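Close look at the chain arrangement
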Amino acid sequence: MTFNSKYHIDVDFEVPKKLQWYYAPAFFGFWLVLYLSLVNTQMNHMPQPLTRSDEASHPHSFIAQRAEDTLIELTRIGPRVVGSMANEETAVEFLRAEVAKVEAEMSDSLEIEVDVQQASGAYMHWEMVNMYQGIQNVVVKLSERNSTNENYLLINSHYDSVPGSPGAGDDGSMVVTMLEVMRVIAKSGDPLAHPIVFLFNGAEENPLQASHAFITQHKWAKNCKALINLDSAGSGGREILFQSGPNHPWLMNYYRSVPHPFANTLAEELFQAGAIPSDTDFRIFRDFGGVPGLDMAYIFNGYVYHTKYDRINAFPRASFQHTGDNVLSLARSLANAPELDDTAAHSEGHNIFYDFLGWFMIFYTETTSIIVNVLITLLALLGVGISLYFMSVRSGCSWKGVLLRFSVTIGMQFVSLFLAVGLALLVAVFMDGVNRSMSWFTSPWTIFGLYLAPIIFGLSILPALYLEKTKRDPLGLGFRIQLFMHSHCVCLIVIMLTLTGLSIRSAYLIMLCVLFDIFALIVNLVTKWHRKAYLFAIAVTVCQILPFVFFTYLCTVALVTLMPMQGRSGSSSNPDMVIAALVWLFSLMFAGFIAPLIMFFRKTRTIVMCFLGITLLFIVISVTSAAFPYKEKTSPQRYSLIHAHRRLHNADGSTRIDESGLYIYPQDRRLDIARDEIDAIGEVQKVSDFCDEEMFCGMPLYNHRWNKAREYSLWIETSESPEIPTEYPMLVLQDSTELESPTQRRFNFTVAGPSHMGIFINVKNEAKILNWSFNDTLIREQAEPPYMVYFSYGLDDSPLEFTIDVEKTTSTFDTSTLEIGIGGHWVTQDITAIEKLSSYISRFPSYAYIQGWVGTYETWYF
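In short, a report on the structure. Predicted, not measured: the structure shown is a model, and the values here were computed from it.

Cut-offs and rules
- Residues numbered from 1 in each chain as written.
- Predicted model: local features only at pLDDT ≥ 70, side-chain atom pairs only at ≥ 80, totals over all residues.
- Heavy atoms only, no water.
- Buried < 20%, exposed > 50% of the residue type's maximum accessible area, 1.4 Å probe, protein only.
- Helix = DSSP H or I, 4+ residues; strand = E, 2+ residues; numbered from the N terminus.
- Pairing = 2+ DSSP bridges.
- Right-handed = clockwise from strand over helix to strand, strands pointing away.
- Axes fitted to C-alpha atoms, helices over the stretch in contact; angles between N-to-C directions.
- Parallel < 35°, antiparallel > 145°, perpendicular 65-115°, else oblique.
- Left-handed = near helix turned anticlockwise from the far one by under 90°.
- Contact = heavy atoms within 4.5 Å.
- Expected span 1.5 Å × (residues − 1).
- Salt bridge = Lys/Arg side-chain N within 4 Å of Asp/Glu carboxyl O.
- Disulfide = S-S within 2.5 Å.
- Phe/Tyr/Trp six-rings, centres within 6.5 Å; stacked < 30°, edge-to-face > 60°.
- Lys NZ or Arg CZ within 6 Å of the ring centre and 35° of its normal.
- Core = buried A, V, L, I, M, F, W, Y, C linked by side-chain atoms within 4.5 Å.
- Bend = angle between axes of the 7 residues up to and from the residue.
- Patch = residues over 30% accessible without salt bridge, like charges linked within 9 Å, V, L, I, M, F, W, Y side chains within 5 Å.
- Areas by Shrake-Rupley, 256 points an atom, 1.4 Å probe, with all protein chains shown as cover.
- Nonpolar A, V, L, I, M, F, W, Y, C, P; charged D, E, K, R; others polar.

1. Re the pairing of strand β3 (residues 152-158)
For β3, the buried fraction is high: seven of the seven residues fall into the buried class. Across the two faces of β3 the burial is the same, with Tyr152, Leu154, Asn156 and His158 and Leu153, Ile155 and Ser157 all buried. Inspection of the sheet shows β3 paired to strand β5 (residues 224-232) by five bridges, in the parallel sense. Residue pairing for β5: Asn156 is matched across the bridge by Asn229. Handedness of the β-α-β unit built from β3, helix α5 (residues 168-188) and strand β4 (residues 196-201) comes out right-handed.

Shown next as C-alpha cells:
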C-alpha cells in the first residue's frame, strides 16, 4: 500500500498483476468454443421432418416428405422457362392436377376455385420497359363454403425457372410448400374468416412479369389485402423473413408466433438498399397493388442458385419442414386476422424486428426504436460519468485528470476504429490487386485470417502501446482499460445517433451493444467490482456472452448470404471490400468490448502482433492453390454465353457488319482466371469497344444487367454460325402515317421471333419520339435515347404490334428517322442438343458453370 501527501492510492488498482501470457489462448478459445457450440449449431438447427408415416398422428401438420415427393415430380419436367412447353403446358397441367388432388380430399366446409390467367402488359423495370404477352398464372382460391368476405390473403411463389436450371430451390421448393399448406388447411377444414388466394405465378424470372399481370389485371387482385411472398436465393436451409410491411407493423404480431422465427431488419435494409443482386415479386405487389405483406426466401447455399445444380438432391428435407411449419402457421393466423378487413386503419409505420438464434422474435415500431435509442444513450452517458467520478475518487486523480485521460482514449479509440477498417480494406485492395480476390468463396475459413485478424490487430495495437507507455500512471491498469471500454461505448453512441438520424432502423444493433455494456457497468458499479481488476473483467466477460453470440450469429448469416452472391454481382467492384467492411462492422459489435480484455495478459504487444502475423500467413495461403475460389458443382464460377449472329444494316439497306461470335458475360470479379481457355477460342475484344459506334454496342444484350456489365463483357468472333432453331426475328414496317403536321409521323411495326426478344430503339437526324405503344414512362420522363424494351411471351406467340410517333423539325422524313435493333434469344432450348454451342462451352474450365443459348441481333434504319 502506498500513500501520498495529496491522495491515497487504492491498493486494488495500485499494482495489479497481469495474467501470464499463456492464459491468452484459453481466453480466445473460450469465445471460439462458444461460437462453435452455440452459434454454429443453431445456424444449422432444423426441425425433424415429418414423413408420410407420421401423417396419421399429425393430421393438422405439414408433412415434409409430401412436399419433397411433389418437388421430385415437378423438377422431372426440367427447366421451366417462360415460352417453353415445359412452363406453359406441362407445369400448368401438373399444378392443376395437384390442386385437383387437394380438392378430392378437401373438407366439406371449404371450397376451391381455380383460374388459369393469361395476360399481357408492360411496366418499367429499372432502366428498361418490361413487356409480356400471354404469360400465365395458376390461381387458386380456398375459402369457406358460401363465404361472402371480400378481403383475401395472398400467398405467392413462382414455378418458372431460369434457362438451364431445374429450379428445385428457386422456386420449386416454395411452390410445393404452398401445395402442401393448401392440402393441410383444406383437409383439416380450418376456419377461414378470409379466403386464401394461392398464386402460382408463371413468369417471375423474366423478371416479375406474372406478379404484375396478377396484381394489375386479375379479378381477385383488388381483394388481396395482405401477402406472404415465398422466393429463394439459395437452396435449403432456413428461410428468412427479410421484408415486412411496409408501414404495417401488425403483420409482425402474427409472424412472432411461427414455430421457427428467422427475421431481421438489417436484411430488409440491405435488400432495399440494393446490396442484394436480386428482386422479388414483393416489390410488384407493394408498388402496383399497395398490398402489405411478408417477404420470405431461402438464402443458404446460394452457390447453386440459378444453375443446373439447383436440384432436389441439394435441397434438404428438413428445410421443407422449417418453412412449411412457418407458412402454415402464418396462413392460418392471417386468414383469420381481423386487420384484413381494414388494413389501412392499421398502417402505423415501420418495424424493427429480429430473432435470437431462431428461438424467439423481438419487434417494435420505429418510433419506439428512436425513443429507446435516445434513452439508452442518456443512460450510457450517465453510467460512464458516474464511473469516471468513482475513478477520480478511488485513484486520487483529479476529476480534470481523469477527463483528460478519457479524452485521450476516446481519440485513440476513434483512430483504432479507422485503423481496423483501414487495414481490412488494405488487405482487400491488395488481394484484388494481385488478382486473388474471392479466396473465401469456397473456403470461408480464410475470412478469419484475412479480415478478422487485422481488425482485431487494429482495434488493439494502439491501446496496447498506450498502456505499455503509461505503466506508472497513477490511474491503475484496470481503470485505464475501463476508459477504453467507455471510449468504445462513446464511439458506438455516435454511430447509433448518426444512424438514427438517418432513419436507418438497423441502429438497433448498436443500441444492443451499448445496452449490454451498460449492464456490465451497472453490475460493476453496484458490486464495486470496478475497483477490482479481475472481478470487473469477469463481469464484462459474462455480460458480453449474449451480445457475442447474437452478433456472431448475425455476422455468420450475413456472410453465408453475401459470399455466394458475390459470385453473381458483376466484375465492376471488388467483392473483398464488401466482406472486409461487413466483418469490420460486426467486429465493432462482438469484439469491441472484448478486445480490451487482452490488455490484462502479459506480453500484450506480442499477443496483439500475433494477429498481424496471422494476417500475413493467411495472405500467403490465399495466393496459393489452397484457397482457389471455385469448385465444380458446389461453388462454380458463373458465365453467361450467347453464340450469336449479328447483322447490322446501313440506312441504304446494305450490310455493314455480318458476323458470328460468342458474347461472354463474366458474373464475378475474377474474370481473368479462365482467360487462357477463353483466349484459346479466338481473338477477344471488349464489348465496350463497340459501344461508341453502335447502339447498345451492336450486341444482343439480354436485359439491362447485361448493358451495365458491358465494360467487362467479351466478344469473340467465330467462323461458325450459331445453330438457330427457327427463323430469325422478323421486323416489318407495316406503314407510316402523317399525324397532326408534316413534321410528325407514326410508324407501325410488327415483330415476330423467339419467346425472348430485346427491342432497341434510337432516333436519328435530330428526330424526337413523341409517344409509343410501349409503356410511356421513358418518353414521359424524357429519358435520353437509346431505349431498351425487354419482351417475352408465353402461350401467345402472335407477332407483337407496336407504334412509334416521331417528330422532325430540322430535317425531313426522307432521311433516316429511327434505328431499331432486335435481339433474339432462344433460351428454351436444351443446350446439350446444340452441338456447336456445347463445343464452345466444353472449352471452359470444369469449375465454370456456363448458362448459354443461341441468339441473333439485327438492326435496320427507317
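Read on for the rest.
2. Topic: the packing of helix α12 (residues 399-433) against helix α14 (residues 477-501)
Helix packing for two helices is described by the angle between their axes and how far apart those axes are. The N-to-C vectors of α12 and α14 enclose an angle of 60°; their axes lie 8 Å apart at closest approach. What the angle tells us is that α12 and α14 run oblique. Considering only the axes of α12 and α14, their crossing is right-handed. Contacts between α12 and α14 involve Arg405, Phe406, Thr409, Ile410, Met412, Gln413, Phe414 and Leu417 from the former and Leu483, Phe484, His486, Ser487, His488, Val490, Cys491 and Val494 from the latter.

3. A short note on helix α3 (residues 64-75)
Along an α-helix, a turn takes 3.6 residues, which lines up residues three or four apart on a common side. Here α3 contains twelve residues, and its C-alpha end-to-end distance of 16 Å stays within 8% of the 16 Å for a straight helix at 1.5 Å per residue. For α3, a buried count of nine out of twelve residues is recorded, marking the element as mostly surrounded by other parts of the structure. Within α3, burial applies to Ala64, Gln65, Arg66, Ala67, Glu68, Thr70, Leu71, Leu74 and Thr75. Residues of α3 that are buried make contact with α4 (85-104), α5 and α10 (317-334).

4. What to know about the sheet that holds strand β17 (residues 768-772)
Ordered in space as β14-β15-β19-β17, the four strands form an open sheet in which the pairing is antiparallel. Whereas interior strands pair on both sides, the edge strands pair on one side only; in this sheet they are β14 (730-738) and β17. Within the sheet, the average angular offset between the axes of one strand and its neighbour, ignoring direction, is 30°. In the sheet, β14 pairs with strand β15 (residues 744-752) via eight bridges, with the strands oriented antiparallel. Paired with Met730 across the two strands is Ala752, which belongs to β15.

5. Section: the side chain of Ser157
As for its position among the elements, Ser157 is in strand β3. Those residues in contact with Ser157 that lie beyond four places of it in its chain are Asp171, Met174, Val175, Met178, Leu199, Phe200, Asn201 and Leu230.

6. Quick look at the pattern of salt bridges
Under the criterion given, the structure shown has 33 salt bridges. In this structure, Glu73 and Arg76 form a salt bridge, with 2.6 Å as the shortest nitrogen-oxygen distance. Residue Arg76 is classed as exposed on the basis of its relative accessible area, which comes to 63%. Through salt bridges that share partners, Glu55, Arg66, Glu105, Glu180, Arg183 and Lys187 make up one connected network.

7. A look at the state of the cysteines
Here the structure, examined in full by the defined rule, presents one disulfide. Through a disulfide, Cys691 is tied to Cys697; the S-S separation comes to 1.9 Å. Given an S-S torsion of about 80°, the disulfide between Cys691 and Cys697 has right-handed geometry. The exposure class of Cys691 is buried, given its relative accessible area of 19%. In this structure Cys555 is not part of a disulfide, and its nearest cysteine sulfur, from Cys513, lies 12 Å away. Judged by relative accessible area, Cys555 falls into the buried class, the value being 7%.

8. So, unusual backbone geometry
The omega torsion across Gly245 and Pro246 is 0°, close enough to zero to call that bond cis. For Pro246, the position within the fold is in the loop between β6 (239-245) and α7 (250-255). In this chain, Pro785 is followed by Pro786 through a cis amide linkage whose omega measures 5°. As for its position among the elements, Pro786 is in the loop between α21 (777-780) and β18 (787-793). The backbone phi angle of Asn247 is positive, close to 65°, even though this residue is not glycine.

9. Some details on the packing of aromatic side chains
Within the structure shown, the criterion is met by 52 aromatic pairs. Seen from their ring centres, Tyr639 and Phe844 are 5.3 Å apart, and the 55° between their planes marks the pair as tilted. Residue Tyr639 is found in strand β10 (residues 637-649), and its partner Phe844 is found in the loop between α22 (835-841) and β21 (848-861); the two are separated by 205 residues along the sequence. Ring geometry for Phe747 versus Phe813: centroids 6.3 Å apart, planes at 50°, classification tilted. You can see Phe747 sitting in strand β15 and its partner Phe813 sitting in the loop between β19 (800-807) and β20 (818-826), a full 66 residues away along the chain. One aromatic cluster is present, built from ring pairs that chain together Phe27, Phe28, Phe30, Trp31, Phe548, Phe590, Phe601 and Phe611. The side chain of Arg646 reaches across the aromatic face of Phe690, ending 4.9 Å from its centre.

10. Description of the pairing of β18
Remember that side chains alternate between the two faces of the sheet whenever the strand is regular. With respect to burial, β18 is a largely interior element, seven of its seven residues being buried. Residues Tyr787, Val789, Phe791 and Tyr793 point to one face of β18 and Met788, Tyr790 and Ser792 to the other, with burial holding for every one of them. Alignment of strand β16 (residues 756-763) against β18, held across six bridges, turns out to be antiparallel. Across the sheet, the residue bridging to Gly758 is Tyr790, located in β18.

11. Some remarks on the nonpolar core
Of all hydrophobic cores here, the largest spans 193 residues; its most connected members are Leu142, Met182, Phe198, Phe200, Tyr255 and Tyr451. Residue contributions to this core peak at 18 residues, all from helix α16 (residues 533-565). Contact partners of Tyr451, with chain neighbours within four places excluded, come to Ala424, Val427, Ala428, Met431, Trp440, Asp576, Ile579, Ala580 and Val583. Membership of the second largest hydrophobic core comes to 30 residues, among which are Ile761, Tyr787, Leu800 and Trp860.

12. Here we look at the environment of Tyr254
Mapped onto the secondary structure, Tyr254 falls in helix α7. Along the backbone, Tyr254 and Ser329 are 75 residues apart, and their C-alpha atoms lie at a distance of 8.7 Å. Leaving out residues up to four positions away in the same chain, Tyr254 has contacts with Leu330, Ser333, Leu334, Ala337, Pro338 and Glu339.

13. Re helix α13 (residues 446-469)
With 24 residues, α13 should reach 34 Å at 1.5 Å per residue; the first-to-last C-alpha distance of 34 Å fits that figure. Roughly 35° is the biggest bend found in α13, and it falls at Leu452, with proline Pro454 one to four residues downstream. Burial analysis of α13 places 19 of its 24 residues in the buried class, the great majority of the element.

14. Considering the environment of Phe696
Secondary-structure assignment places Phe696 in the loop between β12 (684-686) and α20 (704-708). Considering only alpha carbons, one finds Phe696 and Asn707, eleven residues apart in sequence, at a separation of 7.3 Å. Setting aside residues up to four positions removed in sequence, Phe696 forms contacts with Leu701, Asn707, Phe760, Pro786, Tyr787 and Met788.

15. Thoughts on the side chain of Asn762
Its place among the elements puts Asn762 in strand β16. Leaving out residues up to four positions away in the same chain, Asn762 has contacts with Met695, Pro785, Pro786, Thr817, Leu818 and Glu819.

16. Let's talk about a nonpolar patch on the surface
Where nonpolar side chains cluster on the molecular surface, the patch consists of Leu379, Leu382, Ile386, Tyr389, Phe390, Val393, Trp399, Leu403, Ile522 and Val526 and spans about 890 Å² of accessible area. Listed by contribution, the elements that provide at least two residues to the nonpolar patch are α11 (366-395), α12 and α15 (507-527). Counting residues per element, the nonpolar patch draws most heavily on α11, which supplies six residues. Tracing the chain through its elements places Phe390 in helix α11. Take Phe390: its relative accessible area is 31%, and that puts it in the partly exposed class.

17. Some points on the packing of α12 against helix α17 (residues 575-590)
One way to put it is that α12 packs onto α17 with a least axis distance of 8 Å and a crossing angle of 160°. Between α12 and α17, the angle is such that the two are roughly antiparallel. The hand of the α12/α17 crossing is right-handed. Along the contact surface, α12 presents Leu417, Ala420, Val421, Ala424, Leu425, Ala428, Val429 and Met431, while α17 presents Asp576, Met577, Ala580, Ala581, Trp584 and Leu588. Tallied by class, residues from the contact of α12 with α17 come to 13 nonpolar, no polar and one charged.

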